[in-house]
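# A look at the structure
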Amino acid sequence: MTTRTIRARDRPVFGVDVHSGDVRGDDPSYALVILDPVDDDDPDAPDADGPMARVTRDVVSFRKLCRLIDDREPLYVATDNAYELAADKGELVGFLQSLPDGTRLVQVTGAERPEPLSRVASRHGIPYGKEPMKEAEASARLAAANVGHEVTAFTDETTVKVSRGRSTGKGGWSQDRYTRRIHGNVRKRTRQVQSKLKEANLEFERDVTEKYGGYANATFTVEARPEDIPVSNSRAGDVRVEVERERRDGIEYEPLVQRRDRVIVGIDPGTTTAAAVVGLDGTVHALYSSRTADTADVTEWIIEQGRPIIVAADVEPMPETVEKFRRSFDAAGWRPTTDLPVDEKLHRTREAGYDNDHERDALAAALYAYDDHEDQFERIAAKTPPRLDREAVIAGVVAGDASVESVVAELSEDDGNGDGAGEDGADDTDPTAPERTEEEETIRRLRERVDRLESHAESLEGDLADRDERIAELEGELEEAKREERIEARTRRAVSRLERETDRLERERDEARERVADLEGKVETLKELWRLDHSNFDDVADDRGLVSVKVVEQFTLDALETADDEYGLVAGDVVYLRDASGAGRRTAERLAETDPRAVVRGEGNISEVADQVLFDHDVPVLPADAVPVREVDELAVASEEAVAAAVDDWERRAERRRKTEKQEHLDRIISEHRAGRTLPETEE
């Protein structure tokens with residue numbers, strides 16, 4: 001079987017094992033065995049009885065191993081422990097990401113709880129030795145026979161992203177045309193990728209980001225592996241294509257093939273039916289429990305897990321439900337001499353994870369059945385020739401209640417010349433076969449009649465089961481329809497109640513809006529009356545040590561005119577410039593014409609030109625920090641004491657500034673005078 005499997009491959013299989021050093025240390029070396037596929041037409045091809053494939057053995061460094069994997073792109077990279085190729089989970093994910101498309105890392109000894117490589121090799125008739133090179137070869141041959149689990153950190157979903165290959169830039173004369181061209185090329189490439197995915201009949205979802213002239217990017221989520229997608233990583237001009245598999249939450253192990261090995265099944269019947277499947281090596285394969293499943297559902301689940309040779313219960317006598325399962329699988333039965341105590345079941349299942357007591361009981365039954373037959377399995381395996389399927393021999397002995405020798409002989413005959421043999425071992429078409437006696441002929445006819453009747457009975461039972469299933473299906477549909485009708489009636493009542501509540505709330509909302517509109521109108525009227533009664537703002541500040549402040553939003557001509565129109569700008573006002581930046585000479589002269597008492601500067605800095613104009617007109621410019629302004633609606637006030645102190649401080653600074661400017665003016669005149677006297681002497 002392994003020979004045919006190898007020859008059916010079109011890519012090699014790598015077997016790897018640590019030869020020397022430690023993966024957590026520096027520069028470990030690896031024993032590498034390469035099984036190359038052999039073409040039957042090749043004159044150098046080995047015979048079926050000879051080597052199973054063309055074998056290459058070598059000792060390589062990790063770097064050379066990775067280079068060979070990239071060059072040869074093997075179908076499998078097989079090892080007995082995936083962490084011989086990586087120090088931790090992060091490095092293992094990186095190694096898996098570096099593998100070529102279509103190359104899989106295979107752990108041939110199992111999943112999270114691997115078996116010894118020697119046991120797996122012996123079970124499948126693969127030569128094994130303790131030397132690293134022989135272990136690497138055993139791993140390669142097991143993987144070639146589809147034994148083991150694929151180590152993966154990625155799902156079967158792949159993301160294909162089409163995006164801009166270059167930046168749109170910071171601008172320029174041709175910026176719009178340049179951007180439109182890039183986005184148009186991204187859209188064009190997106191349509192090409194979509195067309196290829198449709199031609200390959202792949203299911204995908206598309207998400208695009210539209211921009212000026214086309215697409216900025218597009219993301220395809222494809223239900224396939226990268227090797228099955230007709231698109232690869234590329235970057236050409238304006239467009240970049242990236243293909244990346246979706247990451248899993250952690251490392252997972254998936255069997256290379258869904259085998260239906262011989263298994264031991266434990267069943268715990270009752271309101272909640274539970275089943276447990278254990279391999280012939282004692283490994284727990286799967287657990288199942290359900291309150292709603294019937295016998296057919298449980299049977300279907302067991303069939304998916306394997307072929308039972310033993311069906312076990314945890315009580316004595318065996319329940320009738322478990323006995324029905326045993327008969328349906330034509331398996332051997334197992335039950336304890338007395339009901340298994342709970343403490344013993346807890347102890348036997350302590351290393352396994354289960355969700356409830358029913359799964360625990362089913363698992364305990366299967367494990368105790370394995371314990372009871374373990375020695376028998378080993379004796380049968382020891383007597384089984386390597387070329388035969390040991391599980392098939394065990395099944396024939398245990399479930400068929402036959403001797404090892406008879407099962408081995410029967411399987412050997414089937415493998416040799418079993419085609420065309422009759423039930424008694426003679427060929428009905430062979431003229432040299434002895435004639436049957438009348439009694440033998442009667443037995444033959446009766447057996448044929450029994451076979452026909454059993455076939456007809458099975459057909460009738462199948463029809464009956466289909467009818468029962470259809471009745472159950474229709475009853476379920478009827479119950480579902482009644483349930484949906486009840487839900488719909490409750491929904492209609494709830495909708496009517498909510499609609500009435502919505503209408504009431506909408507009426508209250510409209511009434512509230514009308515009241516708000518009336519109150520807002522009254523407020524505006526009161527504000528207008530207040531402005532008419534306090535047009536100069538002075539009444540507000542009487543007897544409170546406050547001075548009125550007139551707010552100008554921005555130091556511009558338009559803002560000054562707006563403030564003048566609203567409440568007037570007159571001599572002696574304190575003007576608050578909320579934004580003091582941006583004024584020129586004309587704006588500053590317009591403000592100085594109103595002869596304000598002081599100008600309070602808010603955010604921004606007054607330009608030098610505006611500051612000089614205000615200084616020349618003896619208009620104090622005060623910082624907002626020195627004169628805090630309090631605003632209430634359109635009214636603004638400041639402390640009279642703070643204004644007076646700030647003006648006095650400005651006067652002192654202004655006097656120093658005038659003296660400085662006067663001194664600078666005199667110095668300039670003296671300098672110009674000296675320069676005028678020196679010039680004629682220089683010319684002479």
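Going by the structure above, here's the rest.
Figured I'd write up the structure that's included with this text.

Those residues of helix 3 (residues 89–98) lying buried are L92, V93, F95 and L96. Buried residues of helix 3, viewed axially, fall in a sector of 160 degrees; they line one side. Summarising the contacts, the buried residues of helix 3 are in contact with helix 2 (62–72), strand 5 (104–107), strand 6 (149–164) and strand 10 (239–255). Of the residues that open helix 3, the one with a side-chain oxygen 3.2 Å from the backbone nitrogen of G90 is D88.

For the structure shown, the criterion picks out six aromatic pairs. Measuring from centroid to centroid gives 6.1 Å for Y30 and F62, while their planes differ by 50 degrees, and the two rings are tilted. One end of the pair, Y30, is in strand 2 (residues 29–36); the other, F62, is in helix 2, and 32 residues separate them in sequence. Here Y30 falls in the buried class, since its relative accessible area comes to 1%. Centroid distance F204 to F220: 5.7 Å. Interplanar angle 65 degrees. Geometry classified as edge-to-face. One end of the pair, F204, is in strand 7 (residues 204–211); the other, F220, is in strand 8 (residues 214–222), and 16 residues separate them in sequence.

Attention shifts here to the packing of helix 16 (residues 585–593) against helix 17 (residues 608–616). It is at 8 Å that the axes of helix 16 and helix 17 come closest, and there the two elements cross at 30 degrees. When the axes of helix 16 and helix 17 are compared, the pair comes out roughly parallel. For the element pair helix 16 and helix 17, the recorded crossing hand is right-handed. Of the residues in helix 17, those in contact with R585, A588, E589, L591 and A592 of helix 16 are V609, A610, V613 and L614. Partitioning the contact of helix 16 with helix 17 into residue classes produces seven nonpolar, no polar and two charged.

It is worth spelling out unusual backbone geometry at this point. Here the bond from E316 into P317 is cis, since omega is 0 degrees, no more than 30 degrees from zero. On the secondary structure map, P317 appears in the loop between strand 14 (307–312) and helix 8 (320–329). With a phi angle near 55 degrees, N201 is a residue other than glycine that sits in the positive phi range. Of note, N201 is situated in the loop between helix 6 (175–199) and strand 7.

What follows deals with the sheet that holds strand 11 (residues 262–268). Sheet strands associate in pairs through backbone hydrogen bonding, adopting either a parallel or an antiparallel arrangement. Here we have five strands laid out as an open sheet, ordered 13-12-11-14-15, and mixed in their pairing. Strands with a single pairing partner mark the edges of an open sheet, and in this sheet they are strand 13 (284–290) and strand 15 (332–334). Ignoring which end each strand starts from, the neighbouring axes of this sheet average 25 degrees apart. When strand 14 meets strand 15, the two strands line up parallel, connected through three bridges. When the sheet's bridge partners are listed, V311 is paired in strand 15 with G333. Packed onto the sheet, helix 7 (residues 295–305) meets strand 11, strand 12 (273–279), strand 13 and strand 14 and runs at close to 165 degrees relative to strand 13. Running over the sheet, helix 10 (residues 357–383) touches strand 11, strand 12, strand 13, strand 14 and strand 15 and is turned about 140 degrees from strand 11.

In this structure the tally under the stated criterion is 39 salt bridges. One salt bridge in this structure joins D36 and R72, with 2.4 Å as the shortest N-O distance. Here D36 is found in strand 2, whereas its partner R72 is found in helix 2, with 36 residues between them in sequence. Note on D36: relative accessible area 14%, which makes it buried. In this structure, the salt-bridge partner of E485 is R492, at a minimum N-O distance of 3.9 Å. R492 gets classed as partly exposed once you look at its relative accessible area, which sits at 43%. One network of salt bridges, with partners in common, ties together D314, K345, D357, R360 and D361.

The next point concerns a nonpolar patch on the surface. Among the surface-exposed residues, L666, I669 and I670 lie close enough to one another that they form a single nonpolar patch of about 240 Å² accessible area. Take L666: it is sitting in helix 18 (residues 640–683).

In this section: empty space enclosed by the protein. Taken as a whole and assessed by the stated rule, the structure comprises one cavity of 30 Å³ or more. Where the lining of the largest cavity is concerned, the elements lending two or more residues are helix 2 and helix 3. No other element matches helix 2, which puts three residues into the lining of the largest cavity. A class-by-class count of the residues in the lining of the largest cavity yields four nonpolar, one polar and one charged.

Thresholds, definitions, all that
Residues numbered from 1 in each chain as written. Predicted model: local features only at pLDDT ≥ 70, side-chain atom pairs only at ≥ 80, totals over all residues. Heavy atoms only, no water. Buried < 20%, exposed > 50% of the residue type's maximum accessible area, 1.4 Å probe, protein only. Helix = DSSP H or I, 4+ residues; strand = E, 2+ residues; numbered from the N terminus. Arc of directions from axis to C-beta. Contact = heavy atoms within 4.5 Å. Polar contact = N/O pair within 3.5 Å; in protein donor to acceptor, adjacent residues only side chain to side chain. Phe/Tyr/Trp six-rings, centres within 6.5 Å; stacked < 30°, edge-to-face > 60°. Axes fitted to C-alpha atoms, helices over the stretch in contact; angles between N-to-C directions. Parallel < 35°, antiparallel > 145°, perpendicular 65-115°, else oblique. Left-handed = near helix turned anticlockwise from the far one by under 90°. Nonpolar A, V, L, I, M, F, W, Y, C, P; charged D, E, K, R; others polar. Pairing = 2+ DSSP bridges. Salt bridge = Lys/Arg side-chain N within 4 Å of Asp/Glu carboxyl O. Patch = residues over 30% accessible without salt bridge, like charges linked within 9 Å, V, L, I, M, F, W, Y side chains within 5 Å. Areas by Shrake-Rupley, 256 points an atom, 1.4 Å probe, with all protein chains shown as cover. 1 Å grid on protein atoms, 1.4 Å probe; cavity = no way out; pocket = protein on both sides within 12 Å on 5 of 7 lines; lining within 4 Å. Points joined across faces, edges and corners; volume = space filled by probe spheres on them.

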